[in-house]
Amino acid sequence: ENNMTTNPIFSNAREIFTIEAQAIHNLKNSTKDSFEAAFHLINNCEGNIVIMAVGKSGIIGEKIAATFSSLGIPSVFIHATEAVHGDMGKIRSKDVCVYISHSGNTEEIVNVINHLKNFGNKSIAITGNDKSILASSVDVHINTGVKREVDQRDLAPTSSAIATLAIGDALALTIADNRGFTKSDFFRYHPGGNLGKTLSNELADE
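Quick caveat, the model's predicted, so the values are computed rather than measured. (Residues numbered from 1 in each chain as written. Predicted model: local features only at pLDDT ≥ 70, side-chain atom pairs only at ≥ 80, totals over all residues. Heavy atoms only, no water.)

Participant: Even after reading the chapter, I still don't get helix H7 (residues 159-178), so can you show me in this structure?
Facilitator: The end-to-end C-alpha distance of H7 is 28 Å, a good match for the 28 Å that 20 residues give at a rise of 1.5 Å each. Downstream of H7 by a residue or two, Gly 180 has a phi angle that is positive, lying close to 75°. (Helix = DSSP H or I, 4+ residues; strand = E, 2+ residues; numbered from the N terminus. Expected span 1.5 Å × (residues − 1).)

Structure below.
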């Protein structure tokens, strides 16, 4: 254990784990009202949850959309750049739009919002900047509270990405639990892979 803690390579990793974990831990104290507001918007949505972002935020957005869908909350991811090149045609008035941008001022996202103003969709933004364009342009703003990335250069999306993913997981699972989502419901949407096989065996034994 001592060798592990004094090893400079693993010592650096331990510090990164600690800081990223703290970013998630801080969400418990900073997101209550906005989280509940986002919960109600998504839970009452009669269309799809449309998640839009670019770059690393886009990868996180794709994962959140996939998690929502596997828990029975229809969700699609649209790359913000592609949105203004025709993909806005996928959006219907009953959909709820979720925008992800750590700065809250990402040019591609701001461009999308400007074009979607007349669509009338309810909207949520997840950012780390409550003074941003996104924060002031949506119905609900969830602030991750992340002021600095764990990257010592403060460049690579790290703490902000993990905090955003945790928010997405919390929304998806809280809604699924609230709706009484069961293992058999999950199997309906996820029959493949090892998860599907395990669930199939479990359900057959019940």
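Participant: I would appreciate a short explanation of the layout of surface pockets in the present structure.
Facilitator: Here the idea is plain: a probe the size of a water molecule rolls over the atoms and shows the empty space left. The computed volume of the largest pocket comes to approximately 230 Å³. As for the largest pocket, its lining consists of 17 residues, of which Ser 57, Ser 101, His 102, Pro 157 and Ser 160 are closest to the centre. The set of elements that each furnish at least two residues to the lining of the largest pocket consists of helix H4 (55-70), strand S4 (122-127) and H7. In terms of residue class, the lining of the largest pocket is made up of six nonpolar, nine polar and two charged. (1 Å grid on protein atoms, 1.4 Å probe; cavity = no way out; pocket = protein on both sides within 12 Å on 5 of 7 lines; lining within 4 Å. Points joined across faces, edges and corners; volume = space filled by probe spheres on them. Nonpolar A, V, L, I, M, F, W, Y, C, P; charged D, E, K, R; others polar.)

Participant: Where do I start with empty space enclosed by the protein in this structure?
Facilitator: Overall, the coordinates contain one cavity of 30 Å³ or more when judged by the stated rule. Of the voids in this model, the largest cavity is the one considered here, and its volume is about 60 Å³. Forming the boundary of the largest cavity are Ile 42, Ile 49, Ile 51, Ile 64, Phe 68, Val 98, Ile 124, Ile 126, Gly 168 and Leu 171. Of all the secondary structure elements, the ones that give two or more residues to the lining of the largest cavity are strand S1 (49-53), H4, S4 and H7. Taken together, the residues of the lining of the largest cavity sort by class into nine nonpolar, one polar and no charged.

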